[in-house]
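Fold and contact review
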Amino acid sequence: MAALEWSPALELGVARMDDTHREFVALLAEVEAADDAALLPAWQALIAHTQQHFDQEDFWMAATRFAAGNCHSTQHAAVLKVMREGAKQGAAGNLALVRSMAAELVHWFPIHADSMDAALAQHLQQVGYDPASGQLARPEALPGELIHGCSSTCGDDDLAPAAVA
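Considering the overall build of the protein
Helices and strands together make up the secondary structure of the protein, namely five helices and two strands. Along the protein, from the amino end to the carboxyl end, the secondary structure elements read α-α-α-α-β-β-α. Residue pairs in contact within the protein that sit at least 24 positions apart in sequence constitute 69% of those at least 6 positions apart. Accessible surface, the protein: about 8,200 Å² in total, of which carbon and sulfur atoms supply 57%.

See the structure below:
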């Protein structure tokens, strides 16, 4: 049994985001279940998925007035950097480090989804952004200034009031 399993508690109400998150959880479970021979290929598959996953969310943020250096996107970059370092260390024989990183992702992901991703999902819904088409139903709901925070709880400047209303 995987340490993290998909549940309705992880759903955020944006179908494309929820589907991507389901895939992340499934790939993370494959890493957890992998024997030593399968560990690095499973880890590489998780990294490839995570790159696409984060690129997708970063694109949605850019399309809905998040500043390029917002802390949500910054966290995405940091997580990917650590995962890639894990791949290098794993290729050098340190499989225990890769397993440790996977265990940390099990703890990190629900917190990230419940804070940063949940706030992003709410923002997308409020401005009427359709991730599938890229169409914006309520451009007047976009904040007047770029969002510099992380769209969650990591600072006083997280979301401009117009984005939360």
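Digging into the environment of His 107
Position of His 107 among the secondary structure elements: in helix 4 (residues 95-127). Look at His 107 and you get exposed, because its relative accessible area is 54%.

A closer look at the nonpolar core
Judged by nonpolar contacts, the single largest core of 27 residues is most densely connected at Leu 28, Trp 43, Leu 46, Leu 105 and Phe 109. Secondary-structure elements contributing two or more residues to this core are helix 1 (15-33), helix 2 (36-63), helix 3 (71-91) and helix 4. With nine residues, the single largest contributor to this core is helix 4. If you look at the next biggest cluster of nonpolar residues, it comprises 13 residues, including Met 61, Leu 120, Leu 124 and Leu 142.

Regarding helix 3
Note on helix geometry: an α-helix contains 3.6 residues per turn, so any two residues three or four positions apart are oriented the same way. Across its 21 residues, helix 3 extends 30 Å between first and last C-alpha, which sits within 8% of the 30 Å expected from 1.5 Å per residue. If you follow the buried residues of helix 3, they end up packed against helix 2 and helix 4. The positive-phi residue at the C-terminal boundary of helix 3 is Gly 93, with phi of around 105°.

Notes on the packing of aromatic side chains
Summed over all chains, the structure comprises three aromatic pairs. Pairing Phe 54 with Trp 108 gives two aromatic rings, centres 6.2 Å apart and planes at 70°, and the pair type is edge-to-face. One end of the pair, Phe 54, is in helix 2; the other, Trp 108, is in helix 4, with 54 residues separating them in the sequence. What links up through ring pairs into an aromatic cluster is the set Phe 24, Phe 54, Trp 108 and Phe 109.

Observations concerning the environment of Glu 30
Mapped onto the elements of the fold, Glu 30 is located in helix 1. The partly exposed category is assigned to Glu 30, whose relative accessible area is 46%.

Considerations on unusual backbone geometry
With phi around 85°, Arg 65 is a residue other than glycine that occupies positive phi space. As for its position among the elements, Arg 65 is in the loop between helix 2 and helix 3. Since its relative accessible area comes to 27%, Arg 65 is described here as partly exposed.

A short note on helix 4
A maximum bend of about 40° is found in helix 4 at Ala 113. Looking one or two residues past helix 4, Gly 128 carries a phi angle of roughly 70°, positive in sign.

Some remarks on the side chain of His 49
Relative to the elements of secondary structure, His 49 occurs in helix 2. Once residues within four sequence positions are removed from consideration, His 49 is found in contact with Thr 20, Glu 23, Phe 24 and Leu 27.

Details of the confidence of the model for the protein
Residue-level pLDDT values for the protein average 90, and 90% of them are 70 or greater. The secondary-structure element of the protein with the lowest mean pLDDT is helix 5 (residues 161-164), recorded at 31, while helix 1 shows the highest, at 98. Long-range and interchain partners of residues 152-165, a stretch whose pLDDT sits below 50, account for 25 contacts in this model, where long-range means more than four residues apart.

Definitions and limits used
- Within each chain, residues carry numbers counting from 1 in the order of the written sequence.
- pLDDT decides what is reported in this predicted model: residues at 70 or higher carry local features, side-chain atom pairs at 80 or more are listed and counted, and totals for whole chains, interfaces and linings draw on all residues regardless.
- Only hydrogens and water are set aside; all other atoms, that is, all heavy atoms of the structure, feed into the side-chain values.
- A run of DSSP states H or I qualifies as a helix once it reaches four residues; a run of E qualifies as a strand once it reaches two. Both are numbered from the N-terminal end.
- Contacts were defined at the residue level, with two residues in contact if any of their heavy atoms lie within 4.5 Å.
- Accessibility throughout is a Shrake-Rupley quantity obtained with a 1.4 Å probe, and a residue counts as covered only by protein chains that appear here.
- Burial here depends on accessible area, computed with a 1.4 Å probe over protein chains only, as a share of the maximum for the residue type. Under 20% is buried, over 50% is exposed, and the range in between is partly exposed.
- Note on terminology: a nonpolar core comprises buried Ala, Val, Leu, Ile, Met, Phe, Trp, Tyr and Cys residues joined through side-chain atoms within 4.5 Å.
- Here a helix's expected span is defined as the number of its residues, less one, multiplied by 1.5 Å.
- The rule is short: rings of Phe, Tyr and Trp, with Trp giving its six-membered ring, pair when the centres are within 6.5 Å, and they are stacked under 30 degrees, edge-to-face over 60, tilted in between.
- Bend is the name given here to the angle between axes fitted to two runs of seven residues, the run ending at a residue and the run starting at it.
- A residue's pLDDT is the confidence the predictor assigns to it, expressed on a 0 to 100 scale.

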